[in-house]
Amino acid sequence: MSRQPRTQNVATDAGEARITWVSSPAPRLVLAVSHGAGGGIEARDLKALAATLPGHGVTVALVEQPWRVAGKKVAPAPKTLDTGWRGLWPALAAPGLPVVSGGRSAGARVACRTATELGAAAVLALSFPLHPPGKPEKSRADELLGAGVPTLVVQGGNDPFGRPDEFPPGPYELAEVPHGDHGFAVPKRSGATEERTMDVLTGAVAEWIASLG
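Because the structure is a prediction, the values reported are computed rather than measured. (Residues numbered from 1 in each chain as written. Predicted model: local features only at pLDDT ≥ 70, side-chain atom pairs only at ≥ 80, totals over all residues. Heavy atoms only, no water.)

> Help me understand the nonpolar core, please; the structure alone is not making it clear to me.
It is characteristic of soluble globular proteins that their nonpolar side chains tend to be buried jointly. Ranked by internal contacts, the top residues of the largest apolar core, which has 35 residues, are I19, W85, L88, L92 and F128. If you list the elements that add at least two residues to this core, you get β2 (15-22), β3 (29-34), β4 (58-64), α3 (78-93), α4 (106-118), β6 (122-126) and α5 (141-145). The element that contributes the greatest number of residues to this core is α4, accounting for seven residues. (Core = buried A, V, L, I, M, F, W, Y, C linked by side-chain atoms within 4.5 Å. Buried < 20%, exposed > 50% of the residue type's maximum accessible area, 1.4 Å probe, protein only. Helix = DSSP H or I, 4+ residues; strand = E, 2+ residues; numbered from the N terminus.)

> Can you walk me through unusual backbone geometry in this structure?
With the exception of glycine, the majority of residues adopt a negative phi angle, and the majority of peptide bonds are in the trans configuration. With a phi angle near 70°, H179 is a residue other than glycine that sits in the positive phi range. Along the chain, H179 turns up in the loop between β8 (173-177) and α6 (194-211). Its identity as a non-glycine residue notwithstanding, F184 has a phi of 65°, on the positive side. Relative to the elements of secondary structure, F184 occurs in the loop between β8 and α6. For F184, a relative accessible area of 1% puts it in the buried group.

> How do you make sense of the packing of aromatic side chains when you look at a structure like this?
Any aromatic ring pair is given by two values, namely how distant the centres are and how the planes are angled relative to each other. With the rule as written, the count across this model stands at two aromatic pairs. Here the aromatic rings of F128 and F167 are separated by 6.5 Å at their centres, their planes lie at 65°, and the arrangement is edge-to-face. Taken together, the residues F128 in the loop between β6 and α5 and F167 in the loop between β7 (151-156) and β8 connect sequence positions 39 residues apart. Just as F128 is buried, F167 falls in that class too. (Phe/Tyr/Trp six-rings, centres within 6.5 Å; stacked < 30°, edge-to-face > 60°.)

> It is not clear to me how the sheet that holds β7 should be interpreted in this structure. Could you clarify?
In any sheet, the strands associate via hydrogen bonds between backbone groups, in a parallel or an antiparallel arrangement. If you trace the eight strands from one edge of the open sheet to the other, you get β1-β2-β4-β3-β5-β6-β7-β8, paired in mixed fashion. Whereas interior strands pair on both sides, the edge strands pair on one side only; in this sheet they are β1 (6-12) and β8. Shown here is a sheet whose adjacent strand axes are inclined to one another by a mean of 20°, direction ignored. Direction of pairing for β2 relative to β4: antiparallel, over a ladder of five bridges. Opposite V22, over in β4, you have V60 as the bridge partner. With respect to the sheet, α4 is in contact with β3, β5 (99-104) and β6, its orientation differing from that of β5 by roughly 145°. (Pairing = 2+ DSSP bridges. Axes fitted to C-alpha atoms, helices over the stretch in contact; angles between N-to-C directions. Contact = heavy atoms within 4.5 Å.)

The following block contains the structure:
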């Protein structure tokens, strides 16, 4: 059983951020994951990972960027998100374990952009926004391809920000969540349930983390 979550406020150059620690009883690494530009750590995928991975030897650190902690509705520019993530990193690394840098959507982009600089062990990119909806020409593939560390992309099969078959070849792994949209919601007509969908997602992440050694 994992311990009760605890919160930690961290001062950064972008403002005060917050980490919710969901500890593993026998951790071998930390998975730090942040939210996207339109939501917080209550996202279904982040909640599912926090509920499942501590049983697999992973302490999960759910990260709220300063703009969310301050109660703002709109995310700041990417460079400000990166500043917040850099400021959080010493707290994430404090347990002395390897840190997998991760996030969903905009948070995935931050993790990719900063992984090498911060010494991340790997990157978990949930719902990586490969391009704005309907604008495949505005690709952000360079951020993903430039992560420089082992990377797993977990992508919904119907994500308007980039379906799995739109991703270019590169030095990363990709796991598809069938029928999922950008938030990994699935239509009822698909026959899939949210519980089963989250099992697919958490299973893929747990298997990949185990493969990191």
